[in-house]
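Inside the fold
Listed here are the chains, written in short residue letters.
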Amino acid sequence: MPNSRAVLLLRRLSSNDGKLKNLNLNTNTKEVFTTNPVCNQRDFCWSVRASAFCNTQQSNSPQNIRNISENIIRMAASSTDGASGEKPKFTNKLIHEKSPYLLQHAHNPVNWYPWGQEAIDKAKEEKKLIFLSVGYSTCHWCHVMERESFENEEIANILNDNFICIKLDREERPDIDRVYMIFIMATSGCGGWPMNLFLTSDLKPVQGGTYYPPEDRWGFKGFKTIIQEIAEHWRTNPQRLLSIGDRVIDHIEKASKLSRNSSAVPGEVTWLKCVEKYMSMYEPDFGGFGTSPKFPQVPAFNFLFHFYARDKNDSKGKQCLDMVLHSLTKMAKGGIHDHISSGFARYSTDGHWHLPHFEKMLYDQAQLVSTYSDAYLATKDEYFADVVHDIIKYVNRDLRHEYGGYYSAEDADSYPYYGAPEKFEGAFYVWEFKELKSLLNDKKIGSHSYLDIFCDYYNVDESGNIPIEYSHKGELQNKNVFIIYGTEEEAIEKFGLTKEQFKEVINECKEILFKYQQSRPRPHLDTKILCSWNGLMIAGLAHAGQCLEEKKYVEDAINTAKFIKKYLYDSETGTLIHSSYKADDGSIVHGDEPIMGLLDDYAFLIRGLIDLHEASLDQQWLQWARELQAKQDELFWDHDVGGYFTCCETDKTVVVRLKEDQDCAEPAGNSVACQNLLRLAAHADKTPAPEGGDKERDMAKKILQAFAKRMQDAPNALPEMISALMLYNDSPTQVLISGRSSDPRTLELVRVVRSRLLPGRVLAVTDPANESPAVLSRIRAAGDAPAAYVCRRYACSLPVTDVKQLEDLLDEPVKRGTNNNNY
């Protein structure tokens, strides 16, 4: 998400700047952005975002979105989806790109350029403004605006005559997207995609918004009117727009800077404040935080799990655990969870987790694998393990390249049938009762049909189960999205079945429906492979492999790590590449100018590699993590105040280098990096080097100092970083095991460690039969029997060889340490 501190400060600054007050150039007299439809992807933790940036009517926006226009919901396919075989009427420079999103726009009548120096130089040469449109290939409202405006030849001619037009895939360049999203949110009060901006030729924003209707409507000016007015402003008074651009960038630079005003690191009061905040935001009926729309806020769940795990007997910790488990249960039972094709949709438009925005993102699947694995560790409830298996089944079946990398996303929109003239949102996933009847009614168990049992359990209605405020128009009318409100036990009792019979009926129904569903036209698949999101997937698979004792998942993680090393890593420079793409022949390709790795690529991959090392006990992954950490420090570290910039300083097309300060759908790079540094420091402490992990620990401290005020002022904005803060104050729990890897006693000690919820723990195993990496060089030997040492607060226990003794040591509450500060 754009730097939210910068958004707030920029808005305050602009309120005192006469030239920025009139930033909208009278294009609209109302705030179009708070009621317009947009795709809210990474950026909207609504309980945090809406209260900070948006008007009060924001809470009603999901209803407004679906009621706006029959034409918008009932959209046609993008220009690249036509099946007629006719030669396209238009082709622009995007045809040479690899991004699926850019290729979707390659046959628009707009003369699109990709982001790059050619377009920038042309804008300078022709003395024109740049029109920058940002989105991603699975964005529903991006498709809508393409159909309405970018395929409209009249609008395209106005754009081509007056602007240099650039299309940007936000997933390819999140660093650029974040800079301009700050501007949009600060000047409009809200944000999302598509994001449309007007820039000077030196890339400074002067005007922008999200979705625009093509013509004037609903009291707002349409896109055609807006571009004509901005073109006229540029012709008549260009200096005014140039001045606005200068001031905007100046304000963003000032507002986004962090300062390390204190040498102290926050302590217990800060994380207790975060706990209280989540307790106040918690929605007890269906879980989650806030009302609608509801997002799976995995960083928040991670923080609450961590708080609980510090002392499992603490009453407040138990409340945190209950909140997370209830939320995860309701999510898994809800429509946001695809009960037929598996995996989770991006978010729920209602407060019951019932009606999703149907796109599926890799980063959600990756993080939810880890979170549901933690739920299993905390409870040993197989229900949560089943959800983990379900998610991994989906990503391995539908999102995985044969070489081991994972694709980015599946679209929300698809054709309802082959030959249909238009795509509908959710067409692949929703069901009419008559379909279910034709597929399930002939099968019976006793006197009950499979249809009756399935429809009762999944809340299916003959007239559709989608609330009327969402389904009274368009493609969702008479449709069902499966959701479980009751329990298995209630259904078993109602139909007089055994538990085994009930599961057999439900599973057979799912198999029948899955097979039928595969005959429908599939949603668009974004075959872009991102280093950062694959790093999260490695972490999820490695963690699940340990928690569920599934060796196959660890092997999947290893294959993905090998894929990244082969296709997204330059061994000569030691640097990562942000993205690769699946070519038409199935091979992996890059663009003409590969996009260099960003902070998230390094931080997320390093997390995955540390987890993979502990899952596989293979030192090569830890060594690569250390090498990448050194390169991350070189490219992104701020030597003045600490913390990491989002991008390196060599790319001059990024007008402001930001530091992400919001954990939302994805954790912020600095939050993950801080945890990585602390875990790497713990590993370094176990080497013969006299300095141990002092360097990494000091860098983690500087991150926490740099973000201290942000954590204290709005702790729920950075739950993943506050988890790192607890890890810093407590120090990671280190479990060191010495024993032959083939000895069942060694493996049993390892199993005990992996069966416990211990956030941030470090596991190391040394086999005396092999050459030791000196991991246990600071620990005395314990004879011939495999032995475990549990180290906390830089002090290690006596060696234990008994499983029960190890369990007792691991279950002890974390004691408050000397690093703790009471604020």
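The following refers to the structure shown. Note that the structure is a prediction, hence the values are computed from the model and not measured.

How each quantity is defined
Residues numbered from 1 in each chain as written. Predicted model: local features only at pLDDT ≥ 70, side-chain atom pairs only at ≥ 80, totals over all residues. Heavy atoms only, no water. Phe/Tyr/Trp six-rings, centres within 6.5 Å; stacked < 30°, edge-to-face > 60°. Helix = DSSP H or I, 4+ residues; strand = E, 2+ residues; numbered from the N terminus. Buried < 20%, exposed > 50% of the residue type's maximum accessible area, 1.4 Å probe, protein only. Lys NZ or Arg CZ within 6 Å of the ring centre and 35° of its normal. Contact = heavy atoms within 4.5 Å. Pairing = 2+ DSSP bridges. Arc of directions from axis to C-beta. Axes fitted to C-alpha atoms, helices over the stretch in contact; angles between N-to-C directions. Disulfide = S-S within 2.5 Å.

On to the packing of aromatic side chains, then. Following the criterion strictly, the structure yields 34 aromatic pairs and no others. Ring centres 5.9 Å apart and planes at 10 degrees place the aromatic pair Tyr-403 and Tyr-567 in the stacked group. Note that Tyr-403 is positioned in the loop between helix H17 (382-398) and strand S9 (409-410) and Tyr-567 in helix H24 (residues 551-567), a separation of 164 residues in sequence. Aromatic side chains Tyr-458 and Phe-482 sit 5.7 Å apart centroid to centroid with 45 degrees between the ring planes, which places their arrangement in the tilted category. Of this pair, Tyr-458 sits in the loop between helix H19 (450-457) and helix H20 (468-471) while Phe-482 sits in the loop between H20 and helix H21 (488-495), and the two are 24 residues apart along the sequence. An identical accessibility class is assigned to Tyr-458 and Phe-482; each is buried. Here the aromatic cluster, defined as three or more aromatic residues joined through ring pairs, consists of Trp-112, Phe-131, Phe-150, Phe-163, Phe-198, Tyr-212 and Phe-223. Above the face of the Trp-624 ring, Lys-565 is positioned so that its terminal group lies 4.8 Å from the ring centre.

Its location among the elements puts Phe-307 in helix H14 (residues 298-310). Put simply, Phe-307 and Pro-759 are 452 residues apart on the chain and 9.2 Å apart in space, counted from C-alpha to C-alpha. With near-sequence residues (within four places) excluded, Phe-307 lies in contact with Trp-271, Leu-272, Val-275, Asp-314, Lys-316, Gly-317, Cys-320 and Met-726.

Here the focus is the pairing of strand S4 (residues 195-199). Of all five residues in S4, five are buried, a share of seventy percent or more. With burial as the criterion, each face of S4 is covered, one bearing Met-195, Leu-197 and Leu-199 and the other bearing Asn-196 and Phe-198. Relative to S4, strand S2 (residues 129-135) runs antiparallel, the two sharing five bridges. In the strand pairing of S4, Ile-130 is matched with Leu-199.

Among the residues of H21, Glu-488, Ala-491, Ile-492 and Phe-495 are the ones counted as buried. The arc that holds the buried residues of H21, viewed along the axis, is 100 degrees, so those residues lie on one side. Turned more than 90 degrees away from the buried face of H21 sit Glu-489, Glu-493 and Lys-494, all of them exposed. Against strand S13 (448-449), H19 and helix H22 (499-517) lie the buried residues of H21. Two residues or fewer after H21 comes Gly-496, characterised by a positive phi angle close to 65 degrees.

With that settled, consider the side chain of His-143. Tracing the backbone through its elements, the reader meets His-143 in helix H8 (residues 140-150). Residue classification places His-143 among the buried positions, given a relative accessible area of 5%.

On to the sheet that holds S2, then. The strand order S1-S3-S2-S4-S5 describes an open sheet built from five strands, whose pairing is mixed. Only two strands of the sheet have a single neighbouring strand rather than two, namely strand S1 (112-114) and strand S5 (205-209). Between one strand axis and the next, the sheet turns by 30 degrees as a mean value, whatever way the strands run. Pairing of S2 with strand S3 (residues 163-169) involves seven bridges; the strand directions are parallel. When the sheet's bridge partners are listed, Gly-135 is paired in S3 with Asp-169. On the sheet, H8 packs against S1, S2, S3 and S4 and is oriented at approximately 140 degrees with respect to S2. Strands S2 and S5 of the sheet are contacted by helix H12 (residues 238-256), whose axis makes an angle of about 85 degrees with S5.

A few words now on the sheet that holds strand S18 (residues 579-582). Taking strand neighbours across the sheet as the criterion, the three strands line up as S15-S18-S19 in an open arrangement whose pairing is antiparallel. Of all strands in the sheet, those bounded by a partner on one side alone are strand S15 (528-530) and strand S19 (588-589). As paired strands, S15 and S18 are joined by three bridges and run antiparallel to one another. Across the sheet, the residue bridging to Ile-529 is Ser-580, located in S18.

For the rest of this paragraph, the subject is the state of the cysteines. With the rule as written, the count across this model stands at two disulfides. Put simply, Cys-139 and Cys-142 are joined by a disulfide, and their sulfur atoms are 2.4 Å apart. Residues Cys-139 and Cys-142 are joined through a disulfide that is right-handed, its torsion about the S-S bond being 80 degrees. Considered together, Cys-139 and Cys-142 belong to a single accessibility category, that of buried residues. Each sulfur of the disulfide joining Cys-791 and Cys-796 lies 1.9 Å from the other. Residues Cys-791 and Cys-796 share a disulfide whose torsion about the S-S bond is about 100 degrees; that sign makes it right-handed. On the basis of relative accessibility, which here comes to 2%, the residue Cys-791 falls in the buried class.

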